[in-house]
Structures are given as structure tokens and as C-alpha cells.
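# Fold and contact review
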Amino acid sequence: MTDTLNLGPVRVRYAPSPTGDPHVGNLRTALLNWVFARHAGGQFIVRIEDTDRERMVDGAEERILEALDWLGLDWDEGPGKGGPFAPYVQSERKALDKYGDAARQLIANGHAYECTCTPERLEQLRQRQRAEKKPTGYDGYCRNKSADELAGEKAQGLASVVRFKVPLEGEVVFNDFLRGPLTFDPSLLQDFVILKSDGYPTYHLAHIVDDHEMQITHVLRSEEWISSTPRHVMMYEGFGWEPPEFVHLSILLGPDRSKLSKRHGDTALLEFRDKGFLPGTMFNFLSLLGWSAGDDEEVMTREQVIEKFSLDGLNAAPSIFDITKLEWMNGVYLRQLGVDALAELLLPELEADDGLPASISRPLDKVFVTELVPLIHERLKVIDRTEVSEMLSYFFEEEIELDPAEVVQKGMDEATTASALESAAARLESAEPFEAESLEQQFRTLCEELELKPRQLFGALRVSLTARRVAPPLFDTMVAIGRDRSVDRVRRAAGLLSGTGARA
RNA sequence: GCCCCGUUGGUGCAGCGGCCUAGCACGCCAGCCUUUCAAGCUGGAGAUCACGGGUUCGAAUCCCGUACGGGGUACCA
């Protein structure tokens, strides 16, 4: 391993392909690049690799930039920002004929050639190779075609691609920062396409041309690129360029240990945002997959991650994306949030159509919502609209729907519960001051008077007031609900149990 | 099939030849706190460091093999 500290200027890039919503694994690569750049005081560049015109997805580029933005990964050069090597979108660079020029350069110096084989012939070739149980790959049919022959075919309208001329023997060695020197046998590689018949470059050509021109020093990319890196190294040699340092990052796995993908459910980063995860959580959590500062710290700010970052802390083994731990961490971040900030986040969720019941009129009173925050603050893992609304609905409703059976606590029956609740209602009516601490004292006294355990009386009251067995601390709840509604609810519960109350 | 990479408790990581009777975190279990649930605190279960051979006075750490997992094998990235 080389030292990561005395590297000189660092220029790294995140080069996504706008073929869909960016998922967490993808953004983790971006994040590691970004952190590395920030740690080294270098530049982080974003480049859009839209050379696959077929798989382009509308809006994908915007979503990618939105995701970067949300995570707080700002770029020094790239879309919307420009920079000394603009444009940073490959289709725009293609229009400048950068890749055509490069391909011609390789043809001229004997490292590439034009090929007029049709997709049909290639498909047949592959089938035959498979049938004969031989490795599939281009057979070099056009490799030694004369210029005349080629010109003739093209005159007939045959489309052509440009293929890289892979050496038939020797070996290709390159150093992977995390794995050490990796050796490949080029005879196993095929003459791969570098320029497609639609004039667009393949990834192989495009990223090399751009990385070189943009003076990228380190390529931190996903492990699945290891197999094609020998191709890239050969191309650097063909061009006579110095290759960057390669750091292949381990990939992210789903719970079934296969590469994380949409099949594993919600893996798009922005979906985590929509599901109520905080950007700080995602940043922190993603930074921990396959990387460690070497100490046991896990909850870290961006600044701490940047400061502690080192390529040496990267782990070559793939890691499983564990949602349970993510949820825990989000809880940690949620608890760090101030009351007002959390209220701000909660408000739109509660007001949403699928938030609180439609019977509750909007807009909600922000001051009231802020008052409720402390009651659920440490009980939240994720800001889930449904869950949060469910947790808080009884604070907003005039009447709640009660199951009388739930009110009766262990060791009590309907009659004792009803009379206890009557006493409690009376106490509530006269309690002064109507504050949590004092209420608790008064109701503990009431417990003694009624010869009930706190859990019995308080339990009955909790259900009466909230229609739930699980709820925030009782006396804070009473205060938030208010004296009048509290008295009403307790009376009504008592009535239901003694059979005299009308079922609402 | 072929090529490449990886393998520390269920999960994420630490460990870089002796400090390891393998540490931290999530999860799980129990206790404490307590009006429920959380949060918090304390404790516990859980790993023959995938397996087999070497190298070495000494290996989770180095080497080889096997198994398993993953990735690649496109006019996709």
C-alpha cells in the first residue's frame, strides 16, 4: 500500500450514468470519492456518462444531482458548475468529437481497428462458442482487414465500430490500492469495442479520455470494474498516458448476499429521504460501509469523517446493507435534533392527506405540534408519516374511539375501574396547577386513597385518554390534551364501563 | 465454463506476526430505572477468526490448496 497522505494534488470524480434512480451503493462510491477529496484538499468532479443512448432515463441526471445535493456532496467541477475541462457531460463532449479523435489516434498508432461485423454475426459467433463450451468473445475477424476491403464495405453502407487491438500475449499487471498487484492474461480478453456504430464511445474509451484530460489522479470505483481494468491499462499504454491510481471499492450486498439492487426493495437513495431518514444519518451510515477510521467511533459528523478518512481504512470485503442498524442510527440523529427542528419536519407529514385523519382540520397549530415533540422525540426511529400520525392523532382529535376492555387493568374489574376513573375525573377537574409534576403527585396520592397500584390507575387512565396501551408519559399527555378534554375522556371511559354511558 | 476478488459471532466494523483468555457497534436476552413504550444504564448469550496444509520460537494476521460467496465474461455502465 502506498501512503495516502503525501500524494500531492488529488482529483477524483464521480461518474454516474443516468440510467435510473441512483441507489445507495452508487452514492456510497460518490461519498467516498468526495470524502477523500475533501480530506486531501483536492477536487471532487462530477461527470455524467450518458453514452448509452438506449438506457437513458428521463430525469435520472436531475435525480442524481439531487441525491448528491441532499447528502451534502458538493462538487468543484461538473454539471451546473462548469470548470476548466467543461463540458462535463459526455454526450456534449462527444459532440466536440473528443472520442472520435481519440479512437482515430489509436487506429493510427496501430492499437485499434475498424470492424464491420454485424450484430447478427457476433450473436452467431457467441452461440457457437457456447455450444462448443469455449469462452465467448470476438474472434478478431476484422483485425487484419486491408484498408481497401474496409473502404469497400463501408461504401456498401456497412456500419462499423472501432475495436481495441488486445495484444495476443504477454500479461497485464496493475496495482489495485486495496488488493495489491493484479495480473491478467490479455489473451483471455477480447478485442473490445471502444467506439460504437452510433458514434458514441463505450465506457472504456470515454472514461479514459476524460479522466486523462481532467487530470484525475485516483479512480475510486466499484469492485465490478476490476475485470475491465486491464483493458483500461492497455488503453493508457496505447495512448502513452499515465494511468491513475486504482482503488476498487467493495460492493454493497443485499440481505441475501447478492449485489444490492432494486430487487432488494427500496435502494434508491432518495427513497430513504422520502421514508424519513435524515441526510446526516445516510452520510454517516454509508461512510461506515467498507470503511473504518480504525477506532471504534461510529457516530460521526461529516467533518469527523473527512478528518479521519484514509484509503488505508477501506475494506476490500463486500458489506451487507443493514437497515436495522440504519434505523438505529437515524434514531440517534433524530434525538440530536432540537425540538423546533423536529417540529418543522413533523408538521408537513402530519398535515399530509395520508397523515392525520381527514377530520382534523389543517393547517395545524405549529406551537402545539412543537409542544408535542418532546413526548415522542426519543421514540422515533424514522419520520414515517403514518407512524407519526398514529402516535399523535389523539392529541388532535376531539373524541377517541375506545375499547372498554382495554381500559381494565390487571387485578381490576369493570366496576372498580369505573369508580376509580370517576374519582380520577373529579381530581382532574380540580387539580391545581394543571402541570405534569403536580398532577403526578396528586394522582399518586389518589392511588393510595383508592388502594391501587400506580400501574393500575395510570394504565386505566392512559387507555382512557389515548385509546392506546402504549403512549408517552401520562401526565405530560394530560397537559397536552388539556383539562377539559381529559376530564371528558376519563368520564366517558368510566361511563362505558359502568354501562350508563352512551357508546359514541 | 473461463477469469478476477473476497471470507473475523445474525449484521456493520477493529485487528496489519507476540499486548487476542479476539475489541466496539447494531440486533437479541436479562436486570435496573419506571405509569406503558421508548431512551438511558448494567450484565449476558453468541466467533474452534470458512476449512486443510505449510512458514515461524510464535498466525485471525504471511504462503499454498479446497470450499463457499460475490463480481466479470456486451456496439451496458
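Cut-offs and rules
- Residues numbered from 1 in each chain as written.
- Chains lettered and ligands numbered in written order.
- Predicted model: local features only at pLDDT ≥ 70, side-chain atom pairs only at ≥ 80, totals over all residues.
- Heavy atoms only, no water.
- Pairing = 2+ DSSP bridges.
- Helix = DSSP H or I, 4+ residues; strand = E, 2+ residues; numbered from the N terminus.
- Axes fitted to C-alpha atoms, helices over the stretch in contact; angles between N-to-C directions.
- Domains from an automatic or database assignment.
- Contact = heavy atoms within 4.5 Å.
- Buried area = accessible area lost by both parts, 1.4 Å probe.
- Salt bridge = Lys/Arg side-chain N within 4 Å of Asp/Glu carboxyl O.
- Nonpolar A, V, L, I, M, F, W, Y, C, P; charged D, E, K, R; others polar.
- 1 Å grid on protein atoms, 1.4 Å probe; cavity = no way out; pocket = protein on both sides within 12 Å on 5 of 7 lines; lining within 4 Å.
- Points joined across faces, edges and corners; volume = space filled by probe spheres on them.
- pLDDT = per-residue confidence, 0-100.
- Near = heavy atom within 4 Å.
- Polar contact = N/O pair within 3.5 Å; in protein donor to acceptor, adjacent residues only side chain to side chain.
- Right-handed = clockwise from strand over helix to strand, strands pointing away.
- Disulfide = S-S within 2.5 Å.
- Buried < 20%, exposed > 50% of the residue type's maximum accessible area, 1.4 Å probe, protein only.
- Expected span 1.5 Å × (residues − 1).

Pairing within the open sheet is antiparallel, and its 3 strands lie in the order S3-S4-S7. In this open sheet, the two strands that pair with only one neighbour each are strand S3 (112-115) and strand S7 (193-195). Across this sheet, the average inter-strand angle for adjacent strands is 45 degrees, counted without regard to direction. Two strands pair when backbone bridges link them, and strand S4 (residues 161-164) and S7 are joined in this way by 2 bridges, in the antiparallel orientation. Residue pairing across strands places Val 162 opposite Leu 195, the latter belonging to S7.

With that settled, the discussion passes to the domain arrangement of chain A. One can read the domain layout of chain A as domain 1 (11-79 + 205-252), domain 2 (98-195), domain 3 (262-335), domain 4 (337-391) and domain 5 (404-498). Once you take the C-alpha centre of each, domain 1 and domain 2 turn out to be 24 Å apart. Contacts between the two partners involve 21 residues from domain 1, matched on the other side by 27 residues from domain 2. Roughly 2100 Å² is buried in total at the junction of domain 1 and domain 2, and carbon and sulfur atoms are behind 71% of that figure. Per-residue buried area on domain 1 facing domain 2 is highest for Leu 205, Arg 231 and Met 234; these three make up 28% of the total on that side. Summed over the shared surface of domain 1 and domain 2, the number is 2 salt bridges. Here Lys 98 makes a salt bridge to Glu 213, at a shortest N to O gap of 3.2 Å. Where the side of domain 1 that touches domain 2 is concerned, the elements lending two or more residues are helix H7 (203-213), helix H8 (229-239) and strand S9 (245-249). When residues of the side of domain 1 that touches domain 2 are assigned to their parent elements, the largest contribution, 8 residues, is made by H8. For the side of domain 1 that touches domain 2, the class distribution of residues is 12 nonpolar, 4 polar and 5 charged.

Once that is clear, we can look at the layout of surface pockets. In this approach a probe as big as a water molecule rolls over the atoms, and the regions it shows empty are the leftover space. Space inside the largest pocket adds up to approximately 1000 Å³. Along the wall of the largest pocket there are 41 residues; nearest its centre are Ser 17, Thr 19, Asn 26, Glu 224 and Trp 225. Residue assignment for the lining of the largest pocket shows that the elements contributing at least two residues are strand S1 (11-14), helix H1 (24-40) and strand S8 (218-222). Broken down by element, the residue count for the lining of the largest pocket peaks at 5 residues, all from H1. Here the lining of the largest pocket is composed, by residue class, of 13 nonpolar, 15 polar and 13 charged. No fewer than three residues from each of domain 1 (11-79 + 205-252) and domain 3 (262-335) sit in the lining of the largest pocket.

Another aspect to go through is the confidence of the model for chain A. Residues of chain A with pLDDT of at least 70 account for 97%, and the chain-wide mean is 93. The model gives residues 1-6 a pLDDT under 50, and that stretch makes 10 contacts with residues more than four places away or in other chains.

The full set close to RNA strand B counts 67 residues, and Gly 290, Glu 378, Arg 379, Arg 444 and Arg 462 are the nearest of them. Contacts to RNA strand B include Ser 197, whose side-chain N or O atom sits 2.8 Å from a base oxygen. At a separation of 3.4 Å, a phosphate oxygen of RNA strand B approaches a polar side-chain atom of Asn 315. Listing elements by their share of the surface near RNA strand B, those giving two or more residues are helix H5 (119-131), S4, strand S6 (180-184), strand S11 (319-320), helix H12 (323-336), helix H19 (454-466) and helix H20 (474-481).

Glancing now at the pairing of strand S2 (residues 43-46). Of the strand pairs in this sheet, S1 and S2 are connected by 4 bridges, and their pairing is parallel. Bridge assignment links Val 12 to a residue of S2, and that residue is Phe 44. For the crossover from S1 across H1 to S2, the handedness is right-handed.

Moving on, we get to the state of the cysteines. Counted according to the given criterion, the structure contains 0 disulfides. Considering cysteine sulfurs only, Cys 142 is the nearest to Cys 117, which forms no disulfide, with 3.5 Å between them.

A complete count under the given rule lists 39 salt bridges for this structure. With a closest N to O distance of 2.9 Å, Glu 66 and Arg 273 form a salt bridge. With Glu 66 in helix H2 (residues 60-71) and Arg 273 in helix H9 (residues 269-274), this residue pair connects regions lying 207 residues apart in the sequence. Of the residues examined, Glu 66 reaches a relative accessible area of 32% and is grouped as partly exposed. Taking the shortest distance from any N to any O, the salt bridge between Asp 139 and Arg 121 comes out at 2.7 Å. You can see Asp 139 sitting in the loop between H5 and helix H6 (147-155) and its partner Arg 121 sitting in helix H5, a full 18 residues away along the chain. You can call Arg 121 partly exposed: its relative accessible area is 22%.

By the element assignment, His 232 lies in helix H8. The class of His 232 is buried, set by a relative accessible area of 0%. Apart from residues no more than four positions distant in its own chain, His 232 is found in contact with Tyr 203, His 204, His 207, Ile 208, Arg 221 and Trp 225.

What follows is about H5. End to end, H5 covers 18 Å across 13 residues, agreeing with the expected 18 Å (1.5 Å per residue, within 8%). In the core, the buried residues of H5 are packed alongside S4.

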